[in-house]
Structures are given as structure tokens and as C-alpha cells.
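# Understanding the architecture of this molecule
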Amino acid sequence: MTRNRIVRNILISRQPKDEYVKYVMKCVSQSLKERHGLVATRATRQGDDIQTRWQFDDRVVEVTLKSDVLASLDTEPFALDEVFIRALQLNDDEMERVVE
């Protein structure tokens, strides 16, 4: 998955926010897979927000993306990666920082 700012800017400008969130989830989960095995993800829209769910073995982490975070993606295409990584780290003391 790409960490190229230009490609990310193109993706965010041409895809619905839901699809972009799923794309970023796939990027992050592929990075996590190397250290934590299979990661199941799901994203569903709830009004103006998007509810995401991450499952590692028997653990589940849910992250709600509020409309203000989604609006910031137009100017900060990698902000979502950091939101997910921080949320996952807060829910697992052993989770190492993911770097692509």
C-alpha cells in the first residue's frame, strides 16, 4: 500500500470517505499482520461518523471517526493512519509502533 502523499491526495479527492477509510485500514492492517498475524477489519457509516472495528485473535478494538477527523483528511491524508495507530496502541500495551 502506498505511503506516497501525491497518490493519497488523489485517492482522497476521488473516493467517498468510506472507501478511503477502508483503504487506510487495509494499509494499517497489512503492516500489523507482520507482527500480530491476521487482522480482521470492518468500517460502517453511522450518520456523519464512521465506526471501525479491528479484531486481533480474541481482542476487538473499536474506533469511531467523527466528522471533524474525516473532514481533515482532505488536507492531511496520513492523519487517519496516525489515528488508528494511536488508538490501537492505547488498547494494547504490547503493540509496537507500526512503520511502513
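Residues numbered from 1 in each chain as written. Predicted model: local features only at pLDDT ≥ 70, side-chain atom pairs only at ≥ 80, totals over all residues. Heavy atoms only, no water.

### Looking at the overall build of the protein
If you tally the helices and strands in the protein, you get four helices and three strands. Listing the helices and strands of the protein from first to last along the sequence gives α-α-β-β-β-α-α. Going through the 100 residues of the protein one by one, you find that 36% of them count as buried. Expressed as a percentage of contacts within the protein between residues at least 6 apart in sequence, the contacts between residues at least 24 apart total 48%. With the model as given, the accessible surface of the protein reaches about 6,100 Å², and the carbon-plus-sulfur share is 46%. (Helix = DSSP H or I, 4+ residues; strand = E, 2+ residues; numbered from the N terminus. Buried < 20%, exposed > 50% of the residue type's maximum accessible area, 1.4 Å probe, protein only. Contact = heavy atoms within 4.5 Å. Areas by Shrake-Rupley, 256 points an atom, 1.4 Å probe, with all protein chains shown as cover.)

### Focus: the pairing of strand β1 (residues 39-46)
Here β1 runs beside strand β2 (residues 49-56); their pairing, made up of eight bridges, is antiparallel. Its bridge partner being in β2, Thr41 is matched across the sheet by Trp54. Linking two consecutive strands that pair antiparallel, namely β1 and β2, is a turn of two residues; a positive phi of about 70 degrees is found at Gly47 within it. (Pairing = 2+ DSSP bridges.)

### Considerations on the pairing of strand β3 (residues 59-65)
The side chains of a regular strand alternate, residue by residue, between the two faces of the sheet. In terms of strand pairing, β2 meets β3 through seven bridges, oriented antiparallel. Note on β3: the bridge partner recorded for Arg53 is Glu62. Hairpin connection between β2 and β3: a loop of two residues separates the two successive antiparallel strands, and Asp57 in this loop has a positive phi of roughly 50 degrees.

### A look at the pattern of salt bridges
All told, the structure shown has six salt bridges when counted by the stated rule. When the shortest N-O distance is used, the salt bridge between Asp18 and Arg45 registers 2.8 Å. On the criterion of sequence distance, the pair formed by Asp18 in helix α2 (residues 17-36) and Arg45 in strand β1 is long-range, its members being 27 residues apart. Look at Arg45 and you get partly exposed, because its relative accessible area is 39%. Measuring nitrogen to oxygen at the nearest pair gives 3.5 Å for the salt bridge that ties Asp49 to Lys66. Of this pair, Asp49 sits in strand β2 while Lys66 sits in the loop between β3 and α3 (67-72), and the two are 17 residues apart along the sequence. Accessibility expressed as a relative area gives 17% for Asp49, which makes it buried. (Salt bridge = Lys/Arg side-chain N within 4 Å of Asp/Glu carboxyl O.)

### A word on the packing of aromatic side chains
As enumerated under the stated definition, the model contains two aromatic pairs in all. Aromatic pair Trp54 and Phe84: ring centres 5.0 Å apart, planes at 65 degrees, arrangement edge-to-face. Taken together, the residues Trp54 in strand β2 and Phe84 in helix α4 (residues 79-90) connect sequence positions 30 residues apart. For the pair formed by Trp54 and Phe84, the shared burial category is buried. (Phe/Tyr/Trp six-rings, centres within 6.5 Å; stacked < 30°, edge-to-face > 60°.)

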